[in-house]
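Residue-level structural notes
The chain contents come next:
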Amino acid sequence: MDEQLFTVTVFTENQVGLLNQISIVFTRRCLNIESLSVSPSSINGIHKFTITCYSNRAMMERVVKQIEKRIDVLKSFLYTDDEIVYQEVALYKVPTPRLLDDRTVEEIIRRHNARILEITREYVIIEKTGHSDETESLFDELKKYDIRQFVRSGRVAVTKSPEEYLTMYLEEQECRLNEL
Amino acid sequence: MKELISGSDALIQSLILEGTDMVFGYPGGSIMPVYDRLFDYQDRLKHILVRHEQGATHAAQGYARVTGRTGVVIVTSGPAATNVITGLSDALMDSTPMVVVTGQVATPFLGFDAFQETDVVGITQPITKWSYQIRRAEDVAWAVARAFYIASTGRPGPVVLDITKDAQVGMTEFDYKPCNYIRSYNPRPDIKESDLLKAAELINRAERPMILSGHGVMISGAEAELAELAEKSDIPVATTLLGLSTIPSDHPLYKGMLGMHGNIGPNVNTNRADLIIAIGMRFDDRITGNVKTYARNAKVLHIDIDSSEFGKNIPVDATIHGDARDALLKLLPLIEPRKRTRWLGMFDKPQQIESEQVIERELHPAGPKMTMGEVAAKVSEATGHRAIVVTDVGQNQMLSARYSRYSEPRSIVTSGGLGTMGFGLPAAIGAKMGRPDRTVCFFTGDGGLQMTIQELGTIMEYGTAVKIILLNNNFLGNVRQWQALFFKGRFSQTPLVNPDFVAIAGAYGIPAENVETRDQLDGAIGRMLGHDGPYLINVNIDETDMVFPMTPAGGNVDFVMLNQTEIYPVD
Ligand SMILES: Cc1ncc(C[n+]2csc(CCOP(=O)(O)OP(=O)(O)O)c2C)c(N)n1
């Protein structure tokens with residue numbers, strides 16, 4: 001089956017040890033996590049994991065079900081790129097003298113919609129937000145200026161769907177509690 | 001102000017409030033405060049001192065499997081905690097409710113490689129339903145309540161509570177509230193009306209449906225509903241290994257066991273059926289063989305409490321997500337009465353061939369040494385087919401499961417998913433303690449018995465009336481069989497040099513006898529079952545005997561070996 005990049009989001013209760021529980025679902029199946037980001041979600045006390053991974057759909061559907069099986073996981077969802085709006089942030093640290101020597105720098109930064117965060121005598125820090133192909137293409141252009149450090153964040157994503165499935169899930173659980 | 005009690009008291013009182021009457025355990029440094037407090041609760045909570053922590057987990061599993069209640073284990077930290085790993089893994093695979101309490105070093109020592117510190121939560125997360133470290137006395141009640149709720153509901157499984165020493169000695173108010181709700185965990189999902197309608201339509205329309213009854217039927221207590229469905233729609237029933245006894249062996253619609261060493265009829269007819277109705281089972285590879293050809297003419301209806309099983313191994317056409325008994329109760333009114341004489345007749349020929357070519361040879365072998373099948377059949381007969389059958393792993397497991405007959409639910413205790421040698425003896429102890437009113441017959445091999453043989457000490461101490469049938473071929477028989485069939489008969493490291501088992505039993509005060517020849521068998525079985533207490537018979541088994549029929553691993557379910565040279569003729 002065809003491999004493609006999937007985005008898995010996982011919403012969990014605020015309990016210790018969840019990262020381990022989620023990551024072992026991937027490692028057991030020899031799946032490499034491409035990127036990972038974890039943060040509090042918009043709902044108080046609920047954490048959101050965003051994980052990207054190359055695999056096929058059947059495998060990823062299994063992964064999502066196994067993740068959801070963990071007791072403190074509320075919900076997990078599987079997306080392809082067309083179903084979400086997503087971004088990454090990349091930071092580039094480049095030696096200042098090399099950049100200043102070259103008149104095209106300003107043009108590169110403009111063209112890539114990047115921005116400069118900090119300039120010192122020794123180095124310049126450039127930030128670029130975008131998809132990975134965009135942060136990579138800036139990387140390629142800056143290569144000639146001798147990039148000293150480069151780092152890319154994990155993906156963050158929100159869905160395009162008008163339905164808010166997590167909210168619906170939480171409402172269902174609220175009802176379940178009230179019925180008890 | 002409310003009265004304060006220690007974390008240890010809170011733990012013990014919580015266990016009692018959850019209905020625990022018996023715990024299996026072994027003391028040690030990091031759990032001593034709990035053991036000290038246990039001393040004062042002996043009238044309310046019986047502690048069974050096993051001889052090895054692995055034994056505690058399997059005993060708790062045996063207890064849980066026959067009673068349907070949660071088995072409880074208490075052990076110390078470090079090596080004791082690592083000794084329970086096999087039992088946890090086994091219980092997860094075989095959906096067994098179990099709560100294992102492990103002691104842990106005091107909180108300030110965590111992470112410093114203190115004496116007997118192990119990362120118990122880290123190690124056990126992949127092999128438990130939930131694993132939690134209790135670091136404060138005031139969290140004990142909450143954690144225990146949650147542990148029992150998680151272990152026993154939904155698809156049952158093992159839970160670990162790792163309790164630090166300071167949490168055991170810390171003082172807390174105690175106000176126990178059982179858990180019945182966890183936001184992120186819904187163990188009893190509402191069954192969807194649309195799923196029921198679709199399922200009923202599939203069943204009503206099918207010409208050749210077959211029910212695969214698994215452990216889930218036993219767990220949910222759906223045996224009566226299973227029989228009702230089968231009878232109403234005249235559907236043949238096959239069971240998995242763990243589903244044995246979900247329908248009586250003499251039920252006219254019971255067509256046998258599935259799997260590598262299952263009966264020919266249900267295996268071969270899996271590929272003739274036009275509808276597979278799988279209830280509380282998970283399409284293990286020992287059942288499916290080659291998934292590409294499995295049930296190739298059938299639609300698949302899967303009923304299970306664990307939705308992650310849907311489509312995991314086999315594509316499904318319809319599902320009912322929920323408790324098996326709930327699902328069947330709701331489904332039954334939608335099912336139209338049917339007669340399927342022709343389809344049921346298709347089980348006759350494979351059954352006949354199996355009887356003539358496999359069963360007959362096993363029950364009436366030509367040679368002087370005995371076969372495991374004939375022993376199991378005789379023991380079953382002698383118990384009126386009413387015993388709880390506990391097995392170890394290997395040929396003894398397959399043959400005692402095959403040749404025993406079952407007339408009551410919850411009559412099989414065996415390690416299915418993990419196939420743990422050494423499971424049997426402690427599991428039999430737990431089973432007998434859980435159901436002292438029933439006869440417990442434990443079939444084992446000479447290899448597996450020696451993996452947990454120290455539990456004979458537990459039997460001795462508590463006088464547990466387990467009937468031990470040692471099917472002794474002086475070989476690791478199951479491996480020998482594969483070597484004979486697939487490795488050119490090179491018996492690498494499978495002959496066993498064995499001790500005098502009767503003498504060993506005798507040293508533990510357990511009456512025992514050798515059964516050298518066939519003419520001694522009936523008498524020995526009679527003495528074993530007639531004796532009021534534990535008993536061991538050491539039966540001289542033909543090491544060349546093999547388990548047949550056999551569908552080799554990864555092969556098609558309708559490719560069945562009748563013996564070393566003959567294949568079942570599929571038409
Ligand atoms: C703990 C463990 N180790 C190894 C195995 C692999 N294994 C499966 S069956 C078997 C042989 C069992 O021999 P014995 O207990 O004598 O029983 P028999 O097959 O002869 O009935 C072995 C080694 C296992 N299942 N479990």
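This report concerns the structure included in the present document. Just so it is clear, the structure is predicted and the values come from calculations on it, not from any experiment. (Residues numbered from 1 in each chain as written. Chains lettered and ligands numbered in written order. Predicted model: local features only at pLDDT ≥ 70, side-chain atom pairs only at ≥ 80, totals over all residues. Heavy atoms only, no water.)

**Points about the overall build of chain B**
A count of helical and extended segments in chain B gives 24 helices and 20 strands. On C-alpha atoms alone, chain B measures out to a radius of gyration of 24 Å, which is about the 25 Å that the 2.2 N^0.38 rule sets for 571 residues. Per-residue burial for chain B yields a buried fraction of 62% across its 571 residues. Looking at chain B alone, contacts between residues at least 24 apart form 76% of all its contacts between residues at least 6 apart. The average position of the 52 basic charges and that of the 65 acidic charges among the side chains of chain B differ by 5 Å. (Helix = DSSP H or I, 4+ residues; strand = E, 2+ residues; numbered from the N terminus. Rg over C-alpha atoms; globule rule 2.2 N^0.38 Å. Buried < 20%, exposed > 50% of the residue type's maximum accessible area, 1.4 Å probe, protein only. Contact = heavy atoms within 4.5 Å. Lys, Arg positive; Asp, Glu negative; His and termini not counted. Charge placed at Lys NZ, Arg CZ, Asp CG, Glu CD.)

**Digging into the overall build of chain A**
Check the secondary structure of chain A and you find six helices and nine strands. The globule rule puts the C-alpha radius of gyration for 180 residues at 16 Å, and the 20 Å found for chain A is more than 25% above it. Judged by the C-alpha coordinates and their principal axes, chain A covers about 70 × 35 × 30 Å. Counting over 180 residues, chain A shows a buried share of 41%. When contacts within chain A are restricted to residue pairs at least 6 apart in sequence, those whose partners lie at least 24 apart make up 75%. Carbon and sulfur atoms provide 49% of the accessible area of chain A, an area that totals close to 10,400 Å². Placing the 24 positive and 30 negative side-chain charges of chain A at their respective mean positions leaves the two points 4 Å apart. (Areas by Shrake-Rupley, 256 points an atom, 1.4 Å probe, with all protein chains shown as cover.)

**With respect to the interface of chain B and chain A**
Chain B puts 26 residues into the contact, and the matching count from chain A is 23 residues. Taken together, the two surfaces of chain B and chain A that pack against each other cover about 2,000 Å², and 46% of this comes from carbon and sulfur. Per-residue buried area on chain B facing chain A is highest for B:Gln125, B:Tyr181 and B:Arg183; these three make up 35% of the total on that side. The tally of links from chain B across to chain A stands at three salt bridges. A salt bridge links B:Arg146 to A:Asp72, with the nearest nitrogen and oxygen atoms 2.9 Å apart. (Buried area = accessible area lost by both parts, 1.4 Å probe. Salt bridge = Lys/Arg side-chain N within 4 Å of Asp/Glu carboxyl O.)

**As for the packing of aromatic side chains**
In this structure the tally under the stated criterion is 15 aromatic pairs over all chains. Judged by centre distance (6.3 Å) and plane angle (40°), the ring pair of A:Phe77 and A:Tyr165 falls under tilted. Note that A:Phe77 is positioned in strand β4 (residues 73-79) and A:Tyr165 in helix α6 (residues 165-179), a separation of 88 residues in sequence. Accessibility expressed as a relative area gives 14% for A:Phe77, which makes it buried. Ring geometry for B:Trp482 versus B:Phe486: centroids 5.6 Å apart, planes at 80°, classification edge-to-face. Here B:Trp482 and its partner B:Phe486 are both found in helix α22 (residues 477-486), four residues apart, which amounts to about one turn of the helix. Following the ring pairs from residue to residue traces out a cluster consisting of A:Phe11, A:Phe77, A:Tyr79 and A:Tyr165. (Phe/Tyr/Trp six-rings, centres within 6.5 Å; stacked < 30°, edge-to-face > 60°.)

**What to know about unusual backbone geometry**
Peptide bonds are trans in most cases, and residues, glycine excluded, mostly fall at negative phi. Residue and element names in this part refer to chain B. Here the bond from Phe548 into Pro549 is cis, since omega is -5°, no more than 30 degrees from zero. Even without glycine at this site, Asp113 takes up a positive phi of about 55°. Structurally, the position occupied by Asp113 is in the loop between β5 (98-104) and α6 (120-124). What makes Asp113 exposed here is its relative accessible area of 71%. Backbone geometry places His385, a non-glycine residue, at a positive phi of 55°.

**What about the site of the ligand?**
Residue and element names in this part refer to chain B. The full set close to the ligand counts 18 residues, and Gln395, Asn396, Gly419, Gly448 and Gly477 are the nearest of them. Here Asn473 contributes a side-chain N or O atom positioned 3.1 Å from an oxygen atom of the ligand. Here an oxygen atom of the ligand sits 2.9 Å away from a polar atom, N or O, in the main chain of Phe475. Contact with the protein chains hides 76% of the accessible area of the ligand, taken as 580 Å² for the molecule alone. If you list the elements that add at least two residues to the shell around the ligand, you get α18 (395-403), α20 (446-449) and α22. Grouping the amino acids of the shell around the ligand by side-chain chemistry returns seven nonpolar, ten polar and one charged. (Near = heavy atom within 4 Å. Polar contact = N/O pair within 3.5 Å; in protein donor to acceptor, adjacent residues only side chain to side chain. Nonpolar A, V, L, I, M, F, W, Y, C, P; charged D, E, K, R; others polar.)

**A few points about the sheet that holds strand β19 (residues 512-515) of chain B**
Residues and elements named next belong to chain B. Taking strand neighbours across the sheet as the criterion, the six strands line up as β16-β15-β17-β18-β20-β19 in an open arrangement whose pairing is parallel. In this open sheet, the two strands that pair with only one neighbour each are β16 (412-413) and β19. As paired elements, β19 and strand β20 (residues 535-540) share four bridges and run parallel to each other. Bridge pairing links Asn514 to Asn538 in β20. Contacting β15 (388-391), β16, β17 (440-445) and β18 (466-472), α18 crosses the sheet at an angle of about 145° to β17. (Pairing = 2+ DSSP bridges. Axes fitted to C-alpha atoms, helices over the stretch in contact; angles between N-to-C directions.)

**Observations regarding the side chain of A:Ser55**
All names here are of chain A. Along the chain, Ser55 turns up in strand β3 (residues 46-55). According to the relative accessible area criterion, Ser55 is buried, its value standing at 2%. In this structure, Ser55 is in contact with Asp2, Glu3, Gln4, Phe6, Leu31 and Met60, ignoring residues within four places of it in sequence.

**Quick notes on the pattern of salt bridges**
Residue and element names in this part refer to chain B. Under the defined criterion, the tally for this structure stands at 43 salt bridges over all chains. Between Arg37 and Asp9 there is a salt bridge; the shortest N-O distance is 2.8 Å. Taken together, the residues span a long stretch of sequence, with Arg37 in helix α2 (residues 32-38) and Asp9 in helix α1 (residues 7-17) at a distance of 28 residues. Here Lys312 ties to Glu309 by a salt bridge, and the two come within 3.1 Å at their closest N and O atoms.

**Observations concerning the sheet that holds strand β6 (residues 130-134) of chain B**
Residue and element names in this part refer to chain B. What the six strands build is an open sheet, ordered β3-β2-β4-β5-β7-β6; its pairing is parallel. Only two strands of the sheet have a single neighbouring strand rather than two, namely β3 (46-49) and β6. Each neighbouring strand pair of the sheet contributes to a mean axis angle of 20°, computed without reference to strand direction. Sheet analysis places strand β4 (residues 71-75) next to β5, joined by five bridges and oriented parallel. Bridge assignment links Val72 to a residue of β5, and that residue is Val99.

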